[in-house]
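One letter stands for each residue in the lines below.
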Amino acid sequence: MKKRELGNSGLYISEIGLGCMSLPGDLAESKNIVDAAIHAGINYFDTADLYNGGNNEELLGLALKGRRNEIILATKAGNKMNPEGEGWTWDSSKKHIMDAIKQSLLRLDTDYIDVYQLHGGTMEDAVEETIDAFESLKKDGLIRQYGISSIRPNVIKRFLDTSSAVSVMMQYNLLDRRPEEWFPMIHGAGAAVITRGTIAKGFLTSEGLTRAAKANGFVEYDAGELTRTVQALSEQTVDLHAAAIAFTLHDNTVASALVGARTTDQLLDSVIAYEKKTTGEEITLLGNITKIHNYKEHRV
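Keep in mind that what you see is a predicted model, and the values were worked out from it rather than measured. (Residues numbered from 1 in each chain as written. Predicted model: local features only at pLDDT ≥ 70, side-chain atom pairs only at ≥ 80, totals over all residues. Heavy atoms only, no water.)

Student: Which residues make up the pattern of salt bridges, and what values go with them?
Tutor: For the structure shown, the criterion picks out 16 salt bridges. The partner of Arg 68 in a salt bridge is Asp 114, and the shortest N-O contact between them spans 3.0 Å. Residue Arg 68 is located in the loop between helix H2 (55-63) and strand E5 (72-77), and its partner Asp 114 is located in strand E8 (residues 113-119); the two are separated by 46 residues in the primary sequence. Residue classification places Asp 114 among the buried residues on the basis of a relative accessible area of 0%. Taken together, the salt bridges that share partners define one network made up of Lys 31, Asp 35, Arg 67 and Glu 70. (Salt bridge = Lys/Arg side-chain N within 4 Å of Asp/Glu carboxyl O. Helix = DSSP H or I, 4+ residues; strand = E, 2+ residues; numbered from the N terminus. Buried < 20%, exposed > 50% of the residue type's maximum accessible area, 1.4 Å probe, protein only.)

What follows is the structure, given as structure tokens:
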């Protein structure tokens, strides 16, 4: 599997990454998925302290036991679980981040995080304090690089402009092309995009029409528009799953496209799709179908 540099970080990550939030709770099944991913050449694994109240980090740490040096490990912080364990509150303070990483390191059973990400962000945050936390962790060797997971362009721009962040995680796919507007800004800041929602909840797979028919819509597509668009996309390509992954990776601002998997078969479906050839002409045709459905400007 090909690798791309994550911004100007010196870290080279696989073009397909494993989004670990959807790993099954069973350790043996999750380990099978992780082992299959590594065997396929995937080296980028992404989780967050928020996922399943921290249990996802713990599960991933166990599944990676003995293989930590083979992968690039990413997690996130900024959401503080409430004391009763139900719900969370936003906390981007230095104190919380410095406390949160200690817990993440314990759960993941590792001495360091390769890519530590702010899991959201608002314009009300004391961003200098947040960035100081990340820089301190980097200086102490507890993280190698850091980034932000956000869909808010003003938050992203401020974070990149005032830090040495190397990554931005955001939803991006054929049906959600809003981030293309921000790619030049992200690239110009020396950062790269990690995509989530790469196959749009399965709408961009061989089961896309079936899923679309049962859905109430997706982002700004209403139910009818979604079905018609997925139908049009399917008519322009032999394998929509493969074309969707290729489209996501067609801009070099994207370093890796995350896929989720609850089973080994689901993971292998995405790996096989990634390995299939999709022409530039096909990518252009698909893009012409969806480009008029971009999000409206979003500046909150």
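Following the structure, the description resumes.
Student: Please give an account of the packing of helix H9 (residues 240-248) against helix H10 (residues 264-275) that cites residues and values.
Tutor: Viewed as axis vectors pointing N to C, H9 and H10 meet at an angle of 70°, and their least axial separation amounts to 8 Å. Here H10 runs roughly perpendicular to H9, going by the angle between their axes. For the pair H9 and H10, the sense of crossing is right-handed. For the pair H9 and H10, the contacting residues are His 241, Ala 242 and Ile 245 in the first and Asp 269, Ser 270, Ala 273 and Tyr 274 in the second. (Axes fitted to C-alpha atoms, helices over the stretch in contact; angles between N-to-C directions. Parallel < 35°, antiparallel > 145°, perpendicular 65-115°, else oblique. Left-handed = near helix turned anticlockwise from the far one by under 90°. Contact = heavy atoms within 4.5 Å.)

Student: Provide a residue-level description of the pairing of strand E14 (residues 254-260), including the pertinent values.
Tutor: Summarising burial for E14: 6 of the 7 residues are buried, a large majority. Looking at chain direction, strand E3 (residues 16-19) and E14 are connected through 4 bridges and run parallel. Paired with Leu 18 across the strands is Val 259, a residue of E14. Summarising the sheet, strand E11 (residues 192-196) and E14 pair through 3 bridges and their orientation is parallel. The residue of E14 that forms the bridge with Ile 194 is Ser 256. (Pairing = 2+ DSSP bridges.)

Student: Could you give me a rundown of the side chain of Ser 104, with the residues and numbers involved?
Tutor: For Ser 104, the location among the structural elements is in helix H3 (residues 94-108). For Ser 104, the side chain forms a polar contact with the side chain of Glu 57, separated by 2.9 Å. Excluding residues that lie within four positions of it along the chain, Ser 104 makes contacts with Asp 49, Glu 57 and Thr 75. (Polar contact = N/O pair within 3.5 Å; in protein donor to acceptor, adjacent residues only side chain to side chain.)

Student: Report on the side chain of Asp 114, specifying residues and quantitative values.
Tutor: For Asp 114, the side chain forms a polar contact with the main-chain nitrogen of Leu 73, separated by 2.7 Å. Polar contacts involving the side chain of Asp 114 include one to the side chain of Arg 144, which spans 2.8 Å. Leave out the neighbours within four places in its chain, and Asp 114 touches Leu 11, Arg 68, Ile 71, Ile 72, Leu 73, Arg 144 and Gln 145.

Student: Give a description of the sheet that holds E11 that names residues and reports values.
Tutor: On the basis of which strands lie adjacent, the closed barrel formed by 8 strands has the order E3-E4-E5-E8-E9-E10-E11-E14 and parallel pairing. In this sheet, neighbouring strand axes are inclined to one another by 30° on average, regardless of whether the strands run parallel or antiparallel. Those strands touched by helix H4 (residues 127-139) are E8 and strand E9 (143-149), and its axis lies near 155° from that of E9.

Student: Give a detailed account of the nonpolar core, specifying residues and quantitative values.
Tutor: With 78 residues, the main nonpolar core has Leu 18, Phe 45 and Tyr 116 as its most contacted residues. The element best represented in this core is H9, accounting for 7 residues. Those residues in contact with Phe 45 that lie beyond four places of it in its chain are Leu 18, Cys 20, Val 34, Ala 37, Ile 38, Leu 60, Ile 71, Ile 72, Leu 73 and Ala 74. The next biggest cluster of nonpolar side chains, apart from the first, holds 13 residues, and it includes Leu 6, Ile 13, Ala 74 and Ala 192. (Core = buried A, V, L, I, M, F, W, Y, C linked by side-chain atoms within 4.5 Å.)

Student: Got a sec to walk through the pairing of E11? Specific residues and values, please.
Tutor: The buried fraction of E11 amounts to 4 of the 5 residues, a majority that puts the element mostly inside the structure. With 5 bridges connecting them, strand E10 (residues 167-171) and E11 associate as parallel partners. What sits directly across from Gln 171, in E11, is Arg 196. In this fold, E10 hands off to helix H6 (residues 183-188), which returns the chain to E11; that crossover is right-handed. (Right-handed = clockwise from strand over helix to strand, strands pointing away.)

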